[in-house]
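Geometric and topological summary
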Amino acid sequence: MTAKTLPLHGTPAPLPSCHALIPSAGSGSRTGLGRPKQYEVLAGRRILDHTLAAFLAVPALASVTVVVAPEQAADEGLPAPVQVLAVGGSTRAESVFNGLSALLAQGVDADDWVLVHDAARCLVTPAQIQALMTACLEDAVGGLLALPLPDTLKVSSAGEGPDRVRQTLERADKWLAQTPQMFRLGLLHRALMQAAASGFAGVTDEASAIEALGLAPLMVPGSAQNVKVTYPEDLALAEAVLLYRQTQARHFPATATTSALTTEPAP
Ligand code: C5P
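Small disclaimer: the values here were computed from a predicted structure and weren't measured. (Residues numbered from 1 in each chain as written. Predicted model: local features only at pLDDT ≥ 70, side-chain atom pairs only at ≥ 80, totals over all residues. Heavy atoms only, no water.)

**Topic: the overall build of the chain**
When helices and strands are counted, the chain shows seven helices and 13 strands. The 267 residues of the chain split such that 43% are buried. Within the chain, contacts between residues at least 6 apart in sequence are counted, and of these 70% link residues at least 24 apart. As displayed, the chain has an accessible area near 13300 Å², and 58% of this comes from carbon and sulfur atoms. (Helix = DSSP H or I, 4+ residues; strand = E, 2+ residues; numbered from the N terminus. Buried < 20%, exposed > 50% of the residue type's maximum accessible area, 1.4 Å probe, protein only. Contact = heavy atoms within 4.5 Å. Areas by Shrake-Rupley, 256 points an atom, 1.4 Å probe, with all protein chains shown as cover.)

Shown next as C-alpha cells:
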C-alpha cells in the first residue's frame, strides 16, 4: 500500500498512511444470542456493516481490514474495498496481533498508523474517527477515544454471596476507554508481541499493551453513544440510535449529516 505524498516547500515529503483494522472474530457469548453479535441485524443492516460504513466514509483512510475467525472465512457481503482476513485468535488481542502481522507481511509500512476498532461499536461516526486522527497524527505515541467516567465507581468485595461495596474510588481522573485506538503499526505490533509472551494477560485494548512499553497514550474525548454492544439490552439501545439517525437523515438531510457526525460533549 503506497504512502501518500504532500509537496512541502517544493519537495514531496512522504506521509504515513492510516489503516483501519477491525477485529470481528469474537463469539459474542455475553449477548446471549448463541452467535457472533457483529452479524446481528439492527435497523436493517448487520452491526459489522454499520461499523464499516463509518470507516468507509473517512476519505483519509488508506485501507480497511476486518479480522474474522477462521471458521467465518466464507463470510460474504462486505463492501469491495474492505479486506477480510480469516486470522482471528482466541482473544481480541490475539486477533489484532494476527491482523497486524498479516498487514506487515503484505508490505504495509511499520511507520504507517493503524486505527483498531471493535466491530461491535457500530455507533461510531466518521467525525469521531476523524477527530482521533487529527489529534494523533501530531502525537509521538498515538492515542484512543475515551470518555471521562460519568458514574460513581465502586470496588466490590470478593467472596461468597451477593456483591457488596468494599470501596468507592475517586472518579475525577477515571476515563472509559473506547475505540478506535490509533498507534504506529510497528510499535503496536511490538507491544502486542511482548504481551503475547504472557498470553496477552490483562491486554483488553491496544493502549494497555502500549502502556506496558512505558508509553502514555493520548486520550481524545469521545462520545457516550460510542458504546460496544455487549449485553442483550445494548442491542435495543444501539438500534434506537441507528433508527433515530436514519429518521434524521431522511427528514433533515443537511442537519442530520451534521448531527450524526458531531461528537457530543461528554456528560
Ligand atoms: O468480546 P469483546 O466485546 O471485548 O470484543 C470486542 C471486539 O473484539 C469485537 O468486535 C469482537 O468481535 C472482537 N474479538 C475478536 N477476537 C476474539 C474476541 C473478540 O476479534 N477472539
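**So, the site of the ligand**
Neighbouring the ligand are 16 residues, the closest being P23, A25, G26, K37 and S95. Here an oxygen atom of the ligand and a backbone polar atom of P23 are 2.9 Å apart. (Near = heavy atom within 4 Å. Polar contact = N/O pair within 3.5 Å; in protein donor to acceptor, adjacent residues only side chain to side chain.)

**Quick word on the layout of surface pockets**
One number sums up the size of the second largest pocket: a volume of about 450 Å³. What lines the second largest pocket is a set of 19 residues, and nearest its centre among them are R121, L176, A177, Q178 and K228. Of all the elements, strand β12 (residues 175-184) adds the most residues to the lining of the second largest pocket, at five residues. (1 Å grid on protein atoms, 1.4 Å probe; cavity = no way out; pocket = protein on both sides within 12 Å on 5 of 7 lines; lining within 4 Å. Points joined across faces, edges and corners; volume = space filled by probe spheres on them.)

**A closer look at the side chain of Q38**
When you line up the elements, Q38 lands in the loop between β3 (18-23) and β4 (41-42). Aside from chain neighbours lying at most four places away, what touches Q38 is S24, A25, G26, R46, I47, L48, Q72 and A119.

**Topic: the pattern of salt bridges**
Across all of its chains, the model carries six salt bridges by this definition. Linking R92 and D118 is a salt bridge whose minimum nitrogen-to-oxygen distance equals 2.7 Å. On the criterion of sequence distance, the pair formed by R92 in helix α2 (residues 92-105) and D118 in the loop between β8 (113-116) and α3 (126-136) is long-range, its members being 26 residues apart. Residue R92 pairs with E206 through a salt bridge whose shortest N-O separation is 2.6 Å. You can see R92 sitting in helix α2 and its partner E206 sitting in helix α5 (residues 206-211), a full 114 residues away along the chain. Take R92: its relative accessible area is 24%, and that puts it in the partly exposed class. Judged by its relative accessible area of 2%, E206 falls in the buried class. Three or more residues joined by partner-sharing salt bridges are found here, namely R92, D118, R121 and E206. (Salt bridge = Lys/Arg side-chain N within 4 Å of Asp/Glu carboxyl O.)

**Observations concerning α2**
Here α2 is 14 residues long and its end C-alpha atoms lie 20 Å apart, about the 20 Å a rise of 1.5 Å per residue gives. On its buried side, α2 packs onto β3, β6 (61-67), β7 (82-85), β8, α4 (185-196) and α5. Trailing α2 by a residue or two, G107 shows a phi angle of about 100°, which is positive. (Expected span 1.5 Å × (residues − 1).)

**Focus on the state of the cysteines**
Under the defined criterion, the tally for this structure stands at zero disulfides. In this structure C18 is a free cysteine whose sulfur lies 9.3 Å from that of C136, the closest cysteine sulfur available. Look at C18 and you get buried, because its relative accessible area is 4%. (Disulfide = S-S within 2.5 Å.)

**Regarding the packing of aromatic side chains**
In this structure the tally under the stated criterion is one aromatic pair. With centroids separated by 6.2 Å and ring planes inclined at 55°, the aromatic side chains of F97 and F200 adopt a geometry described as tilted. Of this pair, F97 sits in helix α2 while F200 sits in the loop between α4 and α5; the two residues are 103 residues apart in sequence, bridging distant segments of the chain. The buried category is assigned to F97, whose relative accessible area is 14%. (Phe/Tyr/Trp six-rings, centres within 6.5 Å; stacked < 30°, edge-to-face > 60°.)

**What to know about the sheet that holds β6**
Spatial strand order, β7-β6-β3-β8-β12-β9-β13: seven strands in an open sheet with mixed pairing. A strand with exactly one partner marks an edge of an open sheet, and here the two such strands are β7 and β13 (218-221). Neighbour-to-neighbour, the strand axes of the sheet open up by a mean angle of 30°, direction not taken into account. Packed onto the sheet, helix α1 (residues 47-56) meets β3, β6, β7 and β12 and runs at close to 165° relative to β6. (Pairing = 2+ DSSP bridges. Axes fitted to C-alpha atoms, helices over the stretch in contact; angles between N-to-C directions.)

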